[in-house]
Amino acid sequence: MTVRVRFAPSPTGYLHVGGGRTALYNYLFARGQGGTFILRSDDTDEARSTEEFRADILDGLRWLGLEWDEGIEAGGPMESYRQSERLRRYQDVAAQLVASGRAYYSFATPDQLDEFRKEAQAEGRSPAYDGRFEPDPAEAAARVAAGEPATVRFAVPRPGETSFEDVVRGTVTFDHVQVDDFVILRSNGTPTYHLASTVDDVDFGITHVVRGEDLLSSTPKHILLTEAMEAERATYAHLSLLMGPDGKKLSKRHGHTAIKAYREEGYLPEAVLNYLALLGWSPGDDDTLIAVDGMIDRFDLSTVSKNPAIFDTDKLQWMNGVYIREMPSEAFVVAVQPGVEEHLGRSLDDEEVATLAEIAPLVQERTKLLTEVPPQVAFLFADIEYDENSWDKVMTKEGAAAAVAGAAEWLSDVDYWSIEAVETALRAMLEELEMSARKGFQPLRVAISGSSVSPPLFESIAALGREESVARLGRALELMT
Ligand code: GLU
């Protein structure tokens, strides 16, 4: 058997971190088994599906590196991998199921169903609808032929139960008393999720359905439908839900939930992927850092935890910092340059890129998000604006002006411009003024970068160059005196 799995997002929202994890586990399982990873679009909800969400999901998957083998934009043996283009097929299956007696036309009104549910609840019976208000098949057929609108419901066999071995959760059993005669086709001819999803899983030859736990209670319906279609049921694996650190269902209160937001905030796809992998799975030892090839080698669906996974943005951010520190310096420059250029509103010339490269390793060491970098290094490439807080705290102190004046003088005298020479000159200046490094260097930092938070001082001055450094010291001095 060749493994065939699918990721089946609905384009009714941005790619969610939970969706990212579902896609990743499908991908890892497929790659590890030499199988096929399929992307389909569950876009039957026309009102809520948008082109923007469709594009975001594809972009997000590609950004994470989760390339699919078959499906949307990749093509494959099926004519279409969009549910909105397969409506005829769903209608045909519904008609076949009615013909074989596994489904029926339903005319029950919402009021009738409502009353039935209320009554059942009041009497402590299951509120699952069992078709009690429906006419016999001959009358139903006549009414449909006469043009009366009807939904199509699946006739759940009762008594009975559906049981399956979930790869993550073990044996799961649903008594059919609890399962509604669920609608498969609406009166306007559109399929419900249950019908469209099951028909696709059958037609696409899906062997393993790996998806979120929120769909667990749909699975008996899908199995009943699959068997009514005389197809073989897939193996199911339901992944636990994601929670925030407070143990509540993950929501925007806990931080961003869209993959896109992490991308925009300066996360590396490798770090996000690594973090997503650990939400319910562990490579088996203390190795929290693992690249995708290692994941593929070691991923085992049957060791995925059924306990809720905690999504902790602090941990993700920590992991991102680790990945940033591990990047080759050249790659770091390439990664931050577009952000720096956007911040400045212009592109950097070759000399400026060299300056960025010079300072990059020092910034890289302390960066957790790529978006922190542009404001920190912009002082190298543009006129500075003094951060008001930094100015008030540092530049009004006694001795600050003397340090700035002293630095301008000492730096003007440096023979051979280098980081070491800058440091030697500035330390000599401190000695001459009998000042501590703390007291003497903070004003220089503000004068040079505009802020008391900046990359290391000597390196910043060295990268900025003598002329510009001395000019900035002079300008600050003018404002101070
Ligand atoms: N389209 C469904 C969703 O976005 C998932 C369908 C499935 O995996 O069966 O939640």
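This text follows the structure it describes.
Figured I'd write up the structure that's included with this text.

Conventions adopted
All residue numbers refer to position in the chain's written sequence, counted from 1. Totals for whole chains, interfaces and linings use all residues, but because this is a predicted model, local features are given only for residues with pLDDT of at least 70 and pairs of side-chain atoms are given and counted only at 80 or more. Side-chain descriptors were evaluated using all non-hydrogen atoms of the structure, hydrogens and water having been removed beforehand. Going along the chain from the N terminus, every DSSP run of H or I of four or more residues is numbered as a helix, and every run of E of two or more is numbered as a strand. The buried label applies to any residue whose accessible area, calculated with a 1.4 Å probe on protein chains only, is under 20% of its type's maximum; exposed applies above 50%, and partly exposed to all values in between. Contacts were defined at the residue level, with two residues in contact if any of their heavy atoms lie within 4.5 Å. Any pair of Phe, Tyr and Trp rings, taking the six-membered ring for Trp, is counted once the centres come within 6.5 Å. Such a pair is stacked with planes under 30 degrees apart, edge-to-face with planes over 60 apart, and tilted for the rest. Lysine NZ or arginine CZ positioned within 6 Å of the ring centre and within 35 degrees of the ring normal marks a charge as sitting over the ring. For two strands to count as paired, DSSP must find a minimum of two bridges between them. Handedness of a crossover: with both strands directed away from the viewer, a clockwise path from the first strand across the helix to the second marks it as right-handed. For this analysis, a salt bridge means a side-chain nitrogen from Lys or Arg found within 4 Å of a carboxyl oxygen belonging to Asp or Glu. Proximity criterion: a residue is near a molecule or strand once any of its heavy atoms comes within 4 Å of it. Here a polar contact is recorded for every N or O atom pair within 3.5 Å, except that within protein the pair must consist of a potential hydrogen donor and a potential acceptor, and residues adjacent in sequence are included only if both atoms are side-chain atoms. Only the protein chains shown count as cover for residues, and all accessible areas are computed by the Shrake-Rupley method using a 1.4 Å probe. All amino acids are sorted into three groups, where Ala, Val, Leu, Ile, Met, Phe, Trp, Tyr, Cys and Pro are nonpolar, Asp, Glu, Lys and Arg are charged, and the leftover types, Gly among them, are polar. Every definition here rests on a 1 Å grid over the protein atoms only: cavities are sets of points where a 1.4 Å probe fits but cannot get out, pockets are open sets enclosed by protein on both sides within 12 Å along at least five of seven lines, and lining residues have some atom within 4 Å of a point. Grid points are joined across faces, edges and corners, and a volume is the space filled by probe spheres set on the points. How far a helix is expected to stretch is found by multiplying one less than its residue total by 1.5 Å. The directions considered for the arc are those from the helix axis to the C-beta atoms. With axes taken as lines fitted to C-alpha atoms, and helix axes fitted only over the stretch in contact, angles between N-to-C directions fall between 0 and 180 degrees.

Attention shifts here to the environment of Val-168. Structurally, Val-168 is set in the loop between β6 (161-166) and β7 (170-175). Its relative accessible area of 9% is what places Val-168 among the buried residues. Excluding residues within four positions of it along the chain, Val-168 makes contact with Ala-237, His-238, Leu-239, Leu-301, Val-304, Ser-305 and Lys-306.

The next thing to look at is the packing of aromatic side chains. Inspection of the entire model under this criterion finds 15 aromatic pairs. Ring centres of Tyr-27 and Phe-37 lie 5.9 Å apart, and the angle between their planes is 80°; on these two criteria the pair is classed as edge-to-face. Residue Tyr-27 is located in helix α1 (residues 17-33), and its partner Phe-37 is located in strand β2 (residues 36-39); the two are separated by 10 residues in the primary sequence. The class for Tyr-27 is buried, based on a relative accessible area of 9%. Taking relative accessible area as the criterion, Phe-37 reaches 1% and is therefore assigned buried. Three or more aromatic residues link up through ring pairs in this structure, and these residues are Tyr-262, Tyr-267, Tyr-275 and Phe-311. In this structure, Arg-21 packs its charged tip against the face of Tyr-25, placed 5.8 Å from the ring centre. Taking NZ or CZ as reference, Arg-143 lies 4.1 Å from the ring centre of Phe-107, over its face.

To continue, consider the pairing of strand β9 (residues 208-212). Taken residue by residue, a regular strand's side chains alternate between the two faces of the sheet. With 5 of 5 residues buried, β9 lies mostly within the body of the structure. Note that β9 and strand β10 (residues 235-239) share 5 bridges and pair parallel. Across the sheet, residue Gly-212 finds its bridge partner in β10, namely Leu-239. Once the chain exits β9 it traverses helix α7 (residues 219-228) before rejoining the sheet at β10, and the crossover so formed is right-handed.

Time to look at unusual backbone geometry. Here the amide bond leading from Arg-158 into Pro-159 is cis, since omega sits at -5°, within 30 degrees of zero. Along the polypeptide, Pro-159 turns up in the loop between β5 (151-154) and β6. A positive phi angle, near 65°, is found at Glu-73, a position not held by glycine. Inspection of the secondary structure assignment puts Glu-73 in the loop between β3 (70-71) and α3 (87-99). Exposure remark for Glu-73: the relative accessible area of 61% places this residue in the exposed category. For Glu-434, which is not glycine, the phi torsion reads 50° and is therefore positive. Here Glu-434 lies in the loop between α17 (419-433) and α18 (437-449).

With that settled, consider the pattern of salt bridges. Opposite charge on two side chains allows them to pair when their charged atoms are near. Across all of its chains, the model carries 28 salt bridges by this definition. Between Arg-54 and Glu-51 there is a salt bridge, with its nearest N and O atoms 3.0 Å apart. Of the two residues, Arg-54 and Glu-51 both sit in helix α2 (residues 51-64), 3 residues apart, roughly one turn of that helix. The class for Glu-51 is exposed, based on a relative accessible area of 55%. Between Arg-233 and Glu-227 there is a salt bridge whose closest N-O contact spans 2.9 Å. We classify Arg-233 as partly exposed; its relative accessible area is 32%. The partly exposed category is assigned to Glu-227, whose relative accessible area is 38%. Where salt bridges share partners, they join Arg-6, Arg-40, Asp-42, Arg-86, Arg-89, Asp-200, Asp-201 and Asp-203 into one cluster.

Close to the ligand lie Arg-6, Ala-8, Ser-10, Asp-42, Tyr-193, Ser-197, Arg-211 and Leu-215, which account for all nearby residues. Contacts to the ligand include Asp-42, whose side-chain N or O atom sits 2.7 Å from a nitrogen atom. Computed on the free molecule, the ligand has an accessible area of 300 Å², of which 77% lies beneath the protein chains in the complex. Here the shell around the ligand is composed, by residue class, of 3 nonpolar, 2 polar and 3 charged.

Another aspect to go through is the layout of surface pockets. Looking at the largest pocket, its volume works out to about 1,100 Å³. Around the largest pocket, the lining comprises 38 residues; the ones closest to its centre are Pro-9, Ser-10, Gly-19, Asp-214 and Leu-215. Listed by contribution, the elements that provide at least two residues to the lining of the largest pocket are β1 (4-7), α1, α6 (193-203) and β9. Taken as a whole, the second largest pocket holds about 310 Å³ of empty space. Considering the residues around the second largest pocket, the lining is formed by 16 residues, among which Pro-375, Ala-378, Phe-379, Glu-385 and Ser-449 are closest to the centre. Of all the elements in the fold, those that place two or more residues in the lining of the second largest pocket are α12 (329-344) and α14 (373-377). Class assignment for the residues of the lining of the second largest pocket results in 7 nonpolar, 6 polar and 3 charged.

An ideal rise of 1.5 Å per residue puts 18 Å on 13 residues; helix α4 (residues 110-122) measures up with 18 Å between its terminal C-alpha atoms. Here α4 has its buried residues at Leu-113, Phe-116 and Ala-120. Along the axis of α4, the buried residues cluster in a sector spanning 60°; they form a single face. Facing away from the buried surface of α4 by more than 90 degrees, the exposed residues are Pro-110, Asp-111, Glu-115, Lys-118, Gln-121 and Ala-122.

We now examine the sheet that holds β5. What the 3 strands build is an open sheet, ordered β4-β5-β8; its pairing is antiparallel. The two strands at the open ends of the sheet, each matched to only one other strand, are β4 (103-106) and β8 (183-185). Geometrically, the sheet is characterised by an average inter-axis angle of 45° between neighbouring strands, direction not taken into account. Where β5 lies against β8, 2 bridges are found, and the strand directions are antiparallel. Across the sheet, residue Val-152 finds its bridge partner in β8, namely Leu-185.

In an α-helix, one full turn covers 3.6 residues, which means residues spaced three or four apart are oriented alike. When you tally the buried positions in helix α19 (residues 457-464), you get 7 out of 8 residues, the bulk of the element. Those residues of α19 lying buried are Leu-457, Phe-458, Ser-460, Ile-461, Ala-462, Ala-463 and Leu-464. Looking at the packing, one finds that the buried side of α19 touches α13 (350-364), α16 (400-412), α17, α18 and α20 (466-480). Following α19 by one or two positions, Gly-465 has its phi on the positive side, about 95°.

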